[in-house]
Amino acid sequence: MTTARSSTRPPARALALPASLRCAAALAAVLLLTASAPAARSGSGAGAGSAPPAASASADGARAGARTSSAWLPYWDTEVGYASALAHADQLHTVSPFWYTATEADTVKGEAGAGDRRIIDGLHAKGIKVVPTVIETPGPKDMAALLGDPDERATHVDALMEVVRSRSYDGLDLDYERMAETTDPALVERVRTGYDRLVEELCTRLHAEGRTCVVTVMPRVDGAGLAFDYAHLGKVADTLRIMGYNLHNALAEPGPLSSLEWYDRFLTYAVGVVPPAKLEVALPAYGWDWKVGSTDRAGHVTSLEAEALRERTGADYVFDEASGTPHFDYTDDDGEEHAVWYQDAKGSAAHLAVLARHGVRGSGLWALGFEDPGVWAALGR
């Protein structure tokens, strides 16, 4: 495997906090870390080949009880996200640092800060599993070829195992989405069958070493997500994380990122083929800022940014009861009309009620440091 540092530029869905919020958040992070930063774990120095630490009895008990959530840690705002994880450790069983990108069968690149032992050890000291996320850059045709070739697939599994063994990681989260960006039925089928094999082979290797196998998937609804074989993935993986957002994306017309009815439909399918105990639904802690009437890509805003923008522009808070999401309109300094849809604690609570009706306790969050602080109370109910 070739491991390299990639650009520190975050994905398009990420946007830095405004200066005022960043300063406040950074100060909060520093104060929290100063107060609660754990001592370094033994054996956390340089060198690869670390096994996941054995969880303490208290951590096991916490995971079985109150800890029902996981969350992603964005590499472009690590300190703010890390501070949030530590502050809410009693609710988190797993944190997935968004650290790695697969570019070829034998190449997995680390983003800036990937494998930071201070972060890994600090989360472990709070009883949180560290299961880093791997995304992929090859498109559907290239991935179908890789996944359909037993030798290439074995090489890729080896590369992924090298990543998980490089630190005291508890497992891996595969978040392969680009491969699903096709409407060609034959190509979808090749990706789906090949991905089934890849995940089964990877999970077998991870389980043999006592590590967790997590797979992040798109919702299977309205013809979307067909590249993900929920039934098979749900059998071989420990957790299937459904991304419960982007019902309206940055290139769509303005509208909610999710809706209660949409959740009900994709969960009806999911629980019919996967045991509910294996399912997690990741909630959005962000939104999109559209220019009304424009075909330009909408701007990404975190939940914190959206609320700060609403207050700064004097816009009214409107909660759409049908979708279970807040939104507002404003006019910018150039006279352009904007529509902003996002998610907050009130909307998250409404969506979590849908999970409960389907018997799904597991929830996730995209992403740490983005969230309305009140969302933690909703997740804890």
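Everything numeric here is computed off the predicted structure, so don't read it as measured data.

Asks: Tell me what's going on with the packing of aromatic side chains, and back it up with residues and numbers.
Replies: Inspection of every chain in the model, using the stated rule, returns 18 aromatic pairs. The interplanar angle of 90 degrees and the centroid separation of 6.3 Å between the aromatic rings of Trp76 and Phe98 together place this pair among those described as edge-to-face. Taken together, the residues span a long stretch of sequence, with Trp76 in the loop between strand S1 (69–74) and helix H3 (78–87) and Phe98 in strand S2 (residues 92–98) at a distance of 22 residues. You'll find Trp76 and Phe98 in the same group, each marked buried. Both rings, one in Trp76 and one in Trp366, keep their centres 6.2 Å apart while their planes meet at 55 degrees; by these two values the pair is tilted. Residue Trp76 is located in the loop between S1 and H3, and its partner Trp366 is located in strand S16 (residues 362–366); the two are separated by 290 residues in the primary sequence. Look at Trp366 and you get buried, because its relative accessible area is 1%.

Asks: Give a detailed account of unusual backbone geometry, specifying residues and quantitative values.
Replies: Residue Ala367 is bonded to the preceding Trp366 through a cis peptide linkage, with omega at 5 degrees. When you line up the elements, Ala367 lands in the loop between S16 and helix H12 (375–379). The phi dihedral of Asp222 is positive, around 55 degrees, even though this residue is not glycine. One can find Asp222 in the loop between strand S8 (212–217) and helix H8 (230–236). When its relative accessible area of 57% is taken as the criterion, Asp222 is described as exposed.

Asks: Lay out helix H7 (residues 185–208) with the relevant residues and their values.
Replies: With 24 residues, H7 should cover 34 Å at 1.5 Å per step; its first-to-last C-alpha distance of 35 Å lies within 8% of that length. Those residues of H7 that sit buried are Leu187, Val188, Val191, Gly194, Tyr195, Asp196, Leu198, Val199, Leu202, Cys203 and Leu206. Looking at the packing, one finds that the buried side of H7 touches helix H5 (140–148), helix H6 (150–165), strand S7 (171–174), S8 and H8. Between a side-chain oxygen at the N-terminus of H7 and the backbone nitrogen of Ala186 the separation is 3.0 Å; the capping residue is Asp184. Where H7 terminates, the next one or two residues include Gly210, which has phi positive at roughly 75 degrees.

Asks: Give a description of the sheet that holds strand S13 (residues 318–320) that names residues and reports values.
Replies: Read across the sheet, five strands follow the order S12-S11-S15-S14-S13 without closing on themselves; strand pairing throughout is antiparallel. If you trace the sheet from one side to the other, it starts and ends with strand S12 (299–302) and S13, each paired once. Each strand of the sheet is rotated relative to its neighbour by a mean of 30 degrees, with strand direction disregarded. Taken together, the four bridges between strand S11 (residues 286–291) and strand S15 (residues 337–341) define a ladder with antiparallel strand orientation. What sits directly across from Trp290, in S15, is Ala339. Sheet strands touched by helix H10 (residues 303–313): S11, S12, strand S14 (325–331) and S15. Its angle to S12, the strand with the most contacts, is close to 100 degrees.

Asks: Can you tell me about empty space enclosed by the protein, naming the residues and giving the values?
Replies: All chains considered together, the criterion is met by one cavity of 30 Å³ or more. In this structure, the largest cavity occupies an estimated 30 Å³ of space. If you trace the largest cavity, you find it lined by Pro284, Ala285, Ser303, Gln343, Asp344, Ser348, Leu365, Glu371, Asp372 and Val375. When grouped by side-chain class, the residues that make up the lining of the largest cavity number four nonpolar, three polar and three charged.

Asks: Let's hear about a negative patch on the surface: which residues, and what values?
Replies: Together, Asp296, Asp329, Asp333, Asp334, Glu336 and Glu337 give the surface a local cluster of negative charge. When you line up the elements, Asp329 lands in strand S14.

Asks: Which residues make up the pairing of S15, and what values go with them?
Replies: Of all the five residues making up S15, four are buried; the element is thus mostly covered by neighbouring parts of the structure. Between S14 and S15, which pair antiparallel one after the other, the connecting turn spans five residues, and Gly335 there sits at a positive phi close to 85 degrees.

Asks: Which residues make up the environment of Leu160, and what values do they have?
Replies: Its place among the elements puts Leu160 in helix H6. Leu160 has contacts with Val108, Val134, Leu172, Leu174, Tyr176 and Leu202, leaving out every residue within four places of it along the chain.

Asks: Which residues make up the packing of H3 against helix H4 (residues 117–125), and what values do they have?
Replies: Packing of H3 against H4 brings their axes to within 10 Å, and their N-to-C directions diverge by 10 degrees. As summarised for this structure, H3 and H4 are arranged roughly parallel, according to the angle between their axes. Between H3 and H4, the contacting residues are Thr78, Glu79, Tyr82, Ala85 and Leu86 on the first element and Arg118, Ile119, Gly122 and Leu123 on the second.

Thresholds applied
Residues numbered from 1 in each chain as written. Predicted model: local features only at pLDDT ≥ 70, side-chain atom pairs only at ≥ 80, totals over all residues. Heavy atoms only, no water. Phe/Tyr/Trp six-rings, centres within 6.5 Å; stacked < 30°, edge-to-face > 60°. Helix = DSSP H or I, 4+ residues; strand = E, 2+ residues; numbered from the N terminus. Buried < 20%, exposed > 50% of the residue type's maximum accessible area, 1.4 Å probe, protein only. Expected span 1.5 Å × (residues − 1). Contact = heavy atoms within 4.5 Å. Polar contact = N/O pair within 3.5 Å; in protein donor to acceptor, adjacent residues only side chain to side chain. Pairing = 2+ DSSP bridges. Axes fitted to C-alpha atoms, helices over the stretch in contact; angles between N-to-C directions. 1 Å grid on protein atoms, 1.4 Å probe; cavity = no way out; pocket = protein on both sides within 12 Å on 5 of 7 lines; lining within 4 Å. Points joined across faces, edges and corners; volume = space filled by probe spheres on them. Nonpolar A, V, L, I, M, F, W, Y, C, P; charged D, E, K, R; others polar. Patch = residues over 30% accessible without salt bridge, like charges linked within 9 Å, V, L, I, M, F, W, Y side chains within 5 Å. Areas by Shrake-Rupley, 256 points an atom, 1.4 Å probe, with all protein chains shown as cover. Salt bridge = Lys/Arg side-chain N within 4 Å of Asp/Glu carboxyl O. Lys, Arg positive; Asp, Glu negative; His and termini not counted. Charge placed at Lys NZ, Arg CZ, Asp CG, Glu CD. Parallel < 35°, antiparallel > 145°, perpendicular 65-115°, else oblique.

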